[in-house]
2 protein chains.
Amino acid sequence: MTNNYCVILAGGIGSRFWPFSRATYPKQFLDFFGTGRSLLQITYDRFTKIIPKENIYIATNESYSDLVHQQLPQLKGSQILLEPKRRNTAPSVAYAAYHIRAINPDANIIVAPSDHLILKEDVFLEEVRKGLDFVKENDALLTMGIRPSRPETGYGYIQSCDLTTDGIITKVKTFTEKPNLDLAKIFYESGEFFWNSGIFLWNVNAIIDAFHKYLPEIAVRFDLGAPIFNTPEEHAFIHQNFPYCLNISIDYGIMEKAENVYMLCIDMGWADLGTWGSLFDIADKDANGNTPLKTKALLYESNGNVIALNDPKRLAVIQGLQDYIIAESGNVLLICKREDEQRIKEFMADAQMKFGDEFQ
Amino acid sequence: MTNNYCVILAGGIGSRFWPFSRATYPKQFLDFFGTGRSLLQITYDRFTKIIPKENIYIATNESYSDLVHQQLPQLKGSQILLEPKRRNTAPSVAYAAYHIRAINPDANIIVAPSDHLILKEDVFLEEVRKGLDFVKENDALLTMGIRPSRPETGYGYIQSCDLTTDGIITKVKTFTEKPNLDLAKIFYESGEFFWNSGIFLWNVNAIIDAFHKYLPEIAVRFDLGAPIFNTPEEHAFIHQNFPYCLNISIDYGIMEKAENVYMLCIDMGWADLGTWGSLFDIADKDANGNTPLKTKALLYESNGNVIALNDPKRLAVIQGLQDYIIAESGNVLLICKREDEQRIKEFMADAQMKFGDEFQ
């Protein structure tokens, strides 16, 4: 239906995947699996099966404008929403909503990250259709929930009002932030909690209403430009006003507070490629549990390592390592324990501070 | 004195230092310590203090001809002895001897590797003078021995007939190959055994005689060209005949068998930079015992590692590693335990076999 729209969030800097993901070339633009398509392209391709091509938007940082154009040359310039500053996902969602509303006030929108792996794509697309139909009829903020397979501390959780079965839409009782391990174990064992996939569906008026209610400072800023959206003046308006937006996620700013949040629980073979650990979990492994990601490697007495050298010509020769991340890209070689990967942001910050921006 | 000559052996492929040392650019040509001079240049500089410049020869593989010229532009072409094939040190020594004899049958020669660190250079040069005087008067094969500081399994040993004090020349009882650890401990504790430094002195007739006696197949081959040495035909003769030479070390082929072997034991602050381990022993360490060799590095919970990234712009970020070698050069990244470094040759061979010559 031509009232269906998709917004792909592709502005992240991917610091948890440093150094593979760099400020100037973050992970959504990388051909992660060596398939010839980047994560962004894979996400775009996925949505073209269900959303009209001209209704697909990419929300990204303006420094990635060229990259997006190169990777998705079929997009019109107006389909790339360029943000002058990083302000997390809530302002991105708001900008897209205001823009799309100016084009079509009856729009139903699915907002999705650009770095997810979805293996059961047919199931996913079917559920997306179901979800878009639901939000067309209901002023609901709908999220896609995943039944947890482990006490993961890297995702937010959604507590359902009902112990759902797959494919049912239920009201959400609680929307939580990333838990610590103890809490994650409780969530996992309860059967009531689901991973927040970060994929959201709503009609455009419902989300703009939610902004007015829960993030009015953002709404009021975009309201200033309400007549400017989808005109040649939009770019200058955004350049001027977007930086004023609060730096906040849509999850924390709205989903955790709103009262009309619903969940569609689905089993779509989903993985959030947000961390090296998640990649390790899903990628193919050799007989010793190592994951050489598109990397030529010789491994001796080594187990459970992720090896990712961005230069395909380079050979990694590794002996006697257990459970490390070995990642190299550009001017950085990182070796750290898989269990300590949450410190990668700290390493990146230290690198930038001690040696300069070119190590970001 | 103009009868004194020096031959620097610089044809090695440095496989134990792979990947830092590459077949196309082995370690003797690297600026190992970031001083602006390569190991070869440092060795050359050292000998110019005692040997006339025109009497210094470099024996090397013909593929390194340009490198040697670039690094030692003051040499005449005739001072670079180019070998078409690698045949270890005995043929190199023979070639140099026959060439120098054709120039000066009264020559006294010191033969030295190009990858040694000698910290007490004044002591060294004084002992070299002493040694050259000795071989001028005696048909002896003189070697420089080092009092061992540990039960090293990476060097050959020399058993002296006397428990020597430094600076004395004694007759050698035994000249051994690299021992295993048990034997090395015995040698170390005995007080009679000294490290074979691989630095040799002899007069040119003594060494050619030794070849006739102990490696006659090599001598007879060079005898074929006796009138050709030091003429324009020498190059073609060597190109044709050198490949026939047995692939054997001077230590094994002659020193271990001859009966006129003598040793000069000296304390010259010596290290053979033949292995990563030796480098680790001598290089500066940070507070955690890590050795980042001219490499930008951030180290977290890591101790006892050697880090050598040949690209000076690259940053190494290392967390949770104890006692590893992390070395990168060109198209190879190597990570292995320091204690297993003797397997590096095996890794290099596997890399070449599995992925091709460009990984050699």
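Okay, so let's go over this structure. (Residues numbered from 1 in each chain as written. Chains lettered and ligands numbered in written order. Predicted model: local features only at pLDDT ≥ 70, side-chain atom pairs only at ≥ 80, totals over all residues. Heavy atoms only, no water.)

**Overview of the sheet that holds strand β16 (residues 324–329) of chain A**
The cut-off we apply is this: At least two DSSP bridges between two strands are needed for those strands to be called paired. Only DSSP runs of H or I with at least four residues qualify as helices, and only runs of E with at least two residues qualify as strands; both kinds are numbered from the N terminus onward. Pairs of residues are marked as contacts when any of their non-hydrogen atoms sit within 4.5 Å. A fitted line through C-alpha atoms serves as each axis, taken over the contacting stretch for helices, and the angle formed by two N-to-C directions is quoted from 0 to 180°.
Taken in spatial order, the six strands line up as β12(A)-β14(A)-β16(A)-β17(A)-β15(B)-β13(B) in an open sheet, and their pairing is mixed. Both edges of this open sheet fall to β12 (291–292) of chain A together with β13 (296–300) of chain B, since each of them pairs with a single strand only. Where β16(A) and strand β17 (residues 332–337) of chain A come together, six bridges link them in antiparallel fashion. Of the residues in β17(A), the one forming a bridge with A:Ser329 is A:Val332. Helix-sheet contacts for helix α11 (residues 344–355) of chain A involve β16 and β17 of chain A together with β13 and β15 (315–319) of chain B, and the interaxial angle to β13(B) is about 145 degrees.

**Description of the pattern of salt bridges**
The test is simple: Should a side-chain nitrogen of Lys or Arg be within 4 Å of a carboxyl oxygen of Asp or Glu, the pair is scored as a salt bridge. For the exposure calls, accessible area comes from a 1.4 Å probe over protein chains only, and a residue counts as buried if that area is under 20% of its type's maximum, exposed if over 50%, partly exposed in between.
Summed over the entire model, instances satisfying the criterion amount to 26 salt bridges over all chains. In this structure, the salt-bridge partner of B:Glu328 is B:Arg314, at a minimum N-O distance of 2.6 Å. Here B:Glu328, found in strand β16 (residues 324–329), pairs with B:Arg314, found in the loop between β14 (306–309) and β15; they are 14 residues apart in sequence, far enough to count as distant. Accessibility expressed as a relative area gives 2% for B:Glu328, which makes it buried. Of the residues examined, B:Arg314 reaches a relative accessible area of 9% and is grouped as buried. When salt bridges with common partners are traced through the structure, they connect A:Arg314, A:Glu328, B:Arg314 and B:Glu328 into a single cluster.

**Comments concerning the packing of aromatic side chains**
Just so we agree on the cut-off: We call Phe, Tyr and Trp rings a pair once their centres come within 6.5 Å, taking the six-membered ring for Trp, and we label the pair stacked below 30 degrees between planes, edge-to-face above 60, and tilted otherwise. Criterion for a charge above a ring: Arg CZ or Lys NZ at most 6 Å from the ring centre, at most 35 degrees from the ring normal.
Considering all chains together, one arrives at 44 aromatic pairs over all chains under this definition. Geometrically, the ring pair formed by A:Phe200 and A:Trp202 is stacked, given 5.6 Å between the ring centres and 5 degrees between the ring planes. Neither residue differs from the other here; A:Phe200 and A:Trp202 are each classed as buried. Above the plane of the ring of B:Tyr262 lies B:Lys171, whose end atom (NZ or CZ) is 5.7 Å from the centre.

**Concerning the interface of chain A and chain B**
Interface size, as often reported, equals the accessible area lost upon joining of the parts. Defined as follows: Summed over both partners, the accessible area lost on bringing two parts together, with a 1.4 Å probe, is the buried area.
On the side of chain B, 36 residues touch chain A, which itself brings 36 residues to the contact. In total, about 2900 Å² of surface goes out of reach between chain A and chain B, with carbon and sulfur atoms giving 60% of it. It is A:Gln319, A:Leu333 and A:Ile335 in chain A that bury the most area against chain B; as a group they hold 22% of the surface buried on that side. At the junction of chain A with chain B, the criterion picks out four salt bridges.

**Regarding empty space enclosed by the protein**
Residue and element names in this part refer to chain B. Quick note on the threshold: Note on definitions: the grid is 1 Å and covers protein atoms alone; a cavity is a set of points where a 1.4 Å probe fits but cannot get out; a pocket is an open set with protein on both sides within 12 Å along at least five of seven lines; lining residues have an atom within 4 Å of a point. Grid points are joined across faces, edges and corners, and a volume is the space filled by probe spheres set on the points. As a working rule, the residues Ala, Val, Leu, Ile, Met, Phe, Trp, Tyr, Cys and Pro are called nonpolar, Asp, Glu, Lys and Arg charged, and the rest polar, with Gly in that last group.
In the structure shown here, the tally under the stated rule is one cavity of 30 Å³ or more. Size it by volume and the largest cavity reaches roughly 30 Å³. Along its surface, the largest cavity is lined by Arg-46, Phe-47, Ala-112, Pro-113, His-116, Ile-118, Phe-124 and Ile-199. Looking at the lining of the largest cavity, the elements with two or more residues in it are α1 (39–48), β4 (108–113) and β5 (116–118). Partitioning the lining of the largest cavity into residue classes produces six nonpolar, one polar and one charged.

**What about the relation of the copies chain A and chain B?**
Rules: A least-squares superposition brings the copies together, and it is based on the C-alpha atoms of residues with pLDDT no lower than 70 in both.
With an RMSD of 0.1 Å, the operation that places chain A on chain B is a rotation of 179 degrees combined with a shift of 0.1 Å along the axis. Both chain copies can therefore be described as sitting about a two-fold axis. When the interface residues of chain A are mapped onto chain B, 100% of them are again interface residues, pointing to one common binding face.

**Regarding the pairing of strand β9 (residues 193–203) of chain A**
Residues and elements named next belong to chain A. For β9, a buried count of 11 out of 11 residues is recorded, marking the element as mostly surrounded by other parts of the structure. Inspection of the sheet shows strand β7 (residues 157–160) paired to β9 by three bridges, in the antiparallel sense. Residue pairing for β9: Ile-158 is matched across the bridge by Phe-194.

**Here we look at the state of the cysteines**
Residues and elements named next belong to chain B. Spelled out, the test is: Note on terminology: pairs of cysteine sulfur atoms within 2.5 Å are recorded as disulfides.
Scanning the model with the defined rule gives zero disulfides over all chains in all. The closest cysteine sulfur to the non-disulfide-bonded Cys-265 is located on Cys-161, 14 Å from its own sulfur. Residue class for Cys-265 comes out buried when judged on its relative accessible area of 0%.

**Details of the sheet that holds strand β12 (residues 291–292) of chain B**
In space, the six strands of this open sheet follow the order β13(A)-β15(A)-β17(B)-β16(B)-β14(B)-β12(B), with mixed pairing throughout. The open sheet has two free edges, formed respectively by β13 (296–300) of chain A together with β12 of chain B, since each of these has just one partner strand. Contacting β13 and β15 (315–319) of chain A together with β16 and β17 (332–337) of chain B, helix α11 (residues 344–355) of chain B crosses the sheet at an angle of about 145 degrees to β13(A).

**A few points about the side chain of A:Ser38**
Inspection of the secondary structure puts A:Ser38 in the loop between β1 (4–9) and α1 (39–48). Among residues more than four places away in sequence, those in contact with A:Ser38 are A:Gln28, A:Phe29, A:Leu30, A:Asp31 and A:Gln71.

Read these as spatial facts, not as claims about activity.
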